[in-house]
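# Inside the fold
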Amino acid sequence: MTERAARTAAYAPSPLDDRARAVVDRLHAHSRRQTRTALAPMLAHAVTSRLREGTWDPTRSADGKAWLADKLVALDPHKAALCHQLCRAIGARRVVEAGTSYGVSTIYLAAAVRDNVADGTSLPHQDGGLPEARVFGTEHEPAKVAEARANIAAAGLSEHVDILVGDLRETLTTVQGPIDFMLVDIWIPMALPALRIVTPLLRPGALVVCDNVVSGRRQYADYLAHVRDPAGPFTSVTLPGHGGLEVSRKN
Ligand SMILES: C[S@@+](CC[C@H](N)C(=O)[O-])C[C@H]1O[C@@H](n2cnc3c(N)ncnc32)[C@H](O)[C@@H]1O
């Protein structure tokens, strides 16, 4: 057995059914290939952004945005599986995803919502009602929206997903609560604005997961100060591996 195969065998298997797993396996591989070759271009675009537009952050410059327009930047499979498990554990029925891209994390979240509905683990909300089961994805690149819809359909999960097309600072204002779970996997400057819009919709006990908060701790400073504020609406824990993951619970 190769070292890579032995490492893979040490992890729990994917929580997804065969159909959805075939789709995400292909997309995870595509995303890994893009990431492996992205370092040099990323640095080049950071320099270009700085020289032409005064920012080192390619997500803020026109040049950088154009380069990022077809990049998956998919959530790591282990983190995506954790989000699926958390959604299953809390019986999530309504989920917001800040940052859909080609739909990788959306597929994990929608599979959890579908399974919660199917086995009756989705919870009634405070008024005792069962609101429509949905994952609300958000994406402002039209080409990525088309890819995401095709991938979600190939995974057999379209009936559980609405992708809100456009800038999430506008589209998220159309979502209705209650929301049980939110994934924040977005260009960093959008993380706190997205959370602020969704916070009033989160039910008590809802979870918010945010990616790469350790590797990006400086850029995430405002987001982290917000979710870790003892006087604020969340209690928060940080998982350290693979760039870090913040899991915040709405009080
Ligand atoms: C890190 S990727 C999301 C990856 C996705 N969660 C997955 O697992 O495949 C972030 C995505 O957010 C999108 N995005 C960035 N800023 C946005 C905004 N203001 N409104 C909507 N989408 C945005 C980007 O185009 C990009 O596709």
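This text gives an overview of the structure that appears in the document. Small disclaimer: the values here were computed from a predicted structure and weren't measured. (Residues numbered from 1 in each chain as written. Predicted model: local features only at pLDDT ≥ 70, side-chain atom pairs only at ≥ 80, totals over all residues. Heavy atoms only, no water.)

A word on the pattern of salt bridges. Inspection of the entire model under this criterion finds 12 salt bridges. Of the charged contacts in the structure, one is a salt bridge between D17 and R114, with a shortest N-O distance of 2.9 Å. Here D17, found in the loop between α1 (3-9) and α2 (18-36), pairs with R114, found in helix α6 (residues 104-118); they are 97 residues apart in sequence, far enough to count as distant. Each member of the salt-bridge network shares a partner with another, and the members are D17, R114 and D115. (Salt bridge = Lys/Arg side-chain N within 4 Å of Asp/Glu carboxyl O. Helix = DSSP H or I, 4+ residues; strand = E, 2+ residues; numbered from the N terminus.)

So, about the environment of V165. Relative to the assigned elements, V165 resides in strand β3 (residues 161-165). By relative accessible area, V165 is classed as partly exposed at 46%. In contact with V165, not counting residues within four places along its chain, are E139, V145, R149 and T171. (Buried < 20%, exposed > 50% of the residue type's maximum accessible area, 1.4 Å probe, protein only. Contact = heavy atoms within 4.5 Å.)

So, on to the pairing of strand β7 (residues 245-250). Summarising burial for β7: five of the six residues are buried, a large majority. Of the pairings in the sheet, the one linking strand β5 (residues 202-211) to β7 comprises five bridges and is antiparallel in character. Directly across from V208, in β7, lies its bridge partner S248. Sheet topology note: the strand β6 (residues 234-239)/β7 ladder contains six bridges and is antiparallel. Bridge pairing links T238 to E246 in β7. (Pairing = 2+ DSSP bridges.)

Neighbouring residues of the ligand: 20 residues in total, closest G99, S105, E139, K144 and D185. Within the contact set of the ligand, an oxygen atom lies 2.9 Å away from a backbone nitrogen or oxygen of L75. Here a nitrogen atom of the ligand sits 2.8 Å away from a polar atom, N or O, in the side chain of D185. (Near = heavy atom within 4 Å. Polar contact = N/O pair within 3.5 Å; in protein donor to acceptor, adjacent residues only side chain to side chain.)

Here we come to the nonpolar core. Core analysis: the biggest nonpolar cluster contains 38 residues, and V95, I107, L109, F181 and V209 have the highest contact counts within it. Contributing elements (two or more residues each) for this core: α2, α5 (77-89), α6, α7 (142-154), β3, β4 (179-184), β5 and β7. For this core, the leading source of residues is α6, giving eight residues. By size, the runner-up hydrophobic cluster in this structure holds 27 residues, among which are V184, A206, C210 and L224. (Core = buried A, V, L, I, M, F, W, Y, C linked by side-chain atoms within 4.5 Å.)

Remark: helix α9 (residues 191-198) packs on helix α10 (residues 221-228), axes separated minimally by 8 Å, with the N-to-C direction vectors making an angle of 35°. Between α9 and α10, the residues in contact are A191, L192, L195 and R196 and D222, Y223, H226 and V227, respectively. Class assignment for the residues of the contact of α9 with α10 results in five nonpolar, one polar and two charged. (Axes fitted to C-alpha atoms, helices over the stretch in contact; angles between N-to-C directions. Nonpolar A, V, L, I, M, F, W, Y, C, P; charged D, E, K, R; others polar.)

P178 follows G177 through a cis peptide bond whose omega is -5°. Locating P178 in the fold gives a position in the loop between α8 (168-171) and β4. Its identity as a non-glycine residue notwithstanding, V73 has a phi of 45°, on the positive side. Tracing the backbone shows V73 in the loop between α4 (62-68) and α5. At N212, a position not held by glycine, the phi torsion is positive, near 60°. By secondary structure assignment, the location of N212 is in the loop between β5 and α10. With a relative accessible area of 31%, N212 lands in the partly exposed category.

This structure, assessed with the given rule, holds one aromatic pair. Ring geometry for Y220 and Y223: centres 6.0 Å apart, planes at 65°, overall edge-to-face. Across the pair, exposure class does not vary: Y220 and Y223 are buried alike. (Phe/Tyr/Trp six-rings, centres within 6.5 Å; stacked < 30°, edge-to-face > 60°.)

The quantities given are spatial measurements derived from coordinates; they are silent on function.
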